[in-house]
Amino acid sequence: MFSNTAIGIDLGTANLLIYTKNKGIVFNEPSVVAIDTHTGKVLAVGNEAKEMIGKTPHNIQSIRPLKDGVIADYEITSQMLSTMLKKVSKKLGVSLRKPNVIVCAPTGSTSVERRAIDNAIREYGAKQVHIIEEPVAAAIGAGLPVEEPVSNMVVDIGGGTSEVAIISFGGVVSAKSIRTGGDHMDSAIIQHVRKKYNVLIGERTAENVKMEIGYALVDHDPLTMEVRGRDLVTGLPKTIELNSQEIQDALRESLEAILEAIRDTLENCPPELSGDIVDHGIMLTGGGALLKGMQEWLSNEIDVPVHIAENPIECVAVGTGKSLSIIHKLQKAAK
């Protein structure tokens, strides 16, 4: 039985991941809910709901209830969490009632936003809810020695936010959270295609373009990709060819905002810890770490070694699950 077991939840803007100590990552699906607007009933969550985006009749809406790393629609988030945890219980064949839940929140989130996360999870029936900061969870999940008095620098590029933090002895020394992430990159691609080709493409198409031919600001051999959308002049379907250099240009603003956040965090770092960063470098986590050329571009710009975590997308979820033992260890040391 899992009744007294701690589970870690990465309540991400793009994906929701659930981690249990015994099984590791047991759930990893998009944070999307399909609801019937007439009845308010949840029809699908996760992968099934994402498949419906842009392909449903008027009375069925696919909603992403999390925006910029925090809850935008409280009711739907509660329903989504409840449905997803039931899915996990069914999959594992065990009860997940009254678990201890560790969940992460962006560094820049307000107390109201944190309370909304806490309440949404308690509504499912959680026994206790611990909220930890996202970059700390990412650092733990990436295997960094956060409980030691050395500096660990993490850049977590998620769907709604990018979190930059310098962590030492289990706490955040210097941090910056910006509401720029994978979703903003997708929007930039949609805007670019609309402006240049007068063609409207959907969110899923934009995300595929970013994953296939998206590049950080580095020199590369151009790649091309065909995409389909709606011609805004004729209203008819149209196929166009995009190349990686124009997509790189579309992503420039988002990437420069992330770089600026890294520079700001480094400027506020105590000099003693700066030396550690030069030695150990920076750890990239989150889906944005997988953008082609990201590691090379950042190490060129900030002149510090840059590493990508083994499973960047799963780092925060794994870190939330593992954090409880580290929190206990630090609390004992402090007594």
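Residues numbered from 1 in each chain as written. Predicted model: local features only at pLDDT ≥ 70, side-chain atom pairs only at ≥ 80, totals over all residues. Heavy atoms only, no water.

For the protein, the name recorded in an unreviewed UniProt entry is Cell shape-determining protein MreB, with Allobacillus salarius as its organism. In UniProt, the protein has this text filed under Sequence similarities (unreviewed entry): "Belongs to the FtsA/MreB family." Under Function (unreviewed entry), UniProt gives the following word-for-word description of the protein: "Forms membrane-associated dynamic filaments that are essential for cell shape determination. Acts by regulating cell wall synthesis and cell elongation, and thus cell shape. A feedback loop between cell geometry and MreB localization may maintain elongated cell shape by targeting cell wall growth to regions of negative cell wall curvature." (UniProt positions renumbered as here; feature names shortened; annotations may be inferred.)

Visitor: Sorry if this is basic, but what is going on with the domain arrangement of the protein here?
Guide: As a measure of interface size, the accessible area lost when the parts come together is often cited. The domain architecture assigned to the protein consists of domain 1 (6-32 + 66-137 + 317-334), domain 2 (144-180 + 254-310) and domain 3 (182-250). For domain 1 versus domain 2, the distance between C-alpha centres works out to 23 Å. Each partner contributes residues to the interface: domain 1 has 17 residues there, and domain 2 has 16 residues. On inspection of domain 1 and its partner domain 2, the count reaches one salt bridge. In this structure, Glu113 and Arg179 form a salt bridge, with 3.5 Å as the shortest nitrogen-oxygen distance. (Domains from an automatic or database assignment. Contact = heavy atoms within 4.5 Å. Salt bridge = Lys/Arg side-chain N within 4 Å of Asp/Glu carboxyl O.)

Visitor: What is the right way to look at the pairing of strand S10 (residues 128-133) in this model?
Guide: Taken residue by residue, a regular strand's side chains alternate between the two faces of the sheet. Sheet analysis places strand S9 (residues 100-105) next to S10, joined by six bridges and oriented parallel. Across the sheet, Ala105 pairs through a bridge with Glu133, a residue of S10. Handedness of the crossover joining S9 and S10 through helix H3 (residues 111-124) is recorded here as right-handed. (Pairing = 2+ DSSP bridges. Helix = DSSP H or I, 4+ residues; strand = E, 2+ residues; numbered from the N terminus. Right-handed = clockwise from strand over helix to strand, strands pointing away.)

Visitor: Would you mind showing me how to read the environment of Leu291 here?
Guide: By the secondary structure assignment, Leu291 is in the loop between strand S17 (282-285) and helix H9 (294-302). Given a relative accessible area of 9%, Leu291 falls into the buried group. Spatially, the C-alpha atoms of Leu291 and Ile213 are 9.0 Å apart, while their sequence positions differ by 78 residues. Not counting the four nearest positions on each side in its chain, Leu291 is found in contact with Lys210, Gly214, Tyr215, Ala216, Leu251 and Leu255. (Buried < 20%, exposed > 50% of the residue type's maximum accessible area, 1.4 Å probe, protein only.)

Visitor: I would appreciate a short explanation of the sheet that holds strand S18 (residues 306-308) in the present structure.
Guide: In a beta sheet, neighbouring strands are held together by backbone hydrogen bonds and run either parallel or antiparallel to one another. If you trace the five strands from one edge of the open sheet to the other, you get S13-S12-S11-S17-S18, paired in mixed fashion. The sheet is open, and its two edges are formed by strand S13 (171-178) and S18, each paired on a single side. Here the strands of the sheet are splayed against their neighbours by 20 degrees on average, with no regard to which way each runs. Pairing geometry for strand S12 (residues 162-168) and S13, over seven bridges, is antiparallel. (Axes fitted to C-alpha atoms, helices over the stretch in contact; angles between N-to-C directions.)

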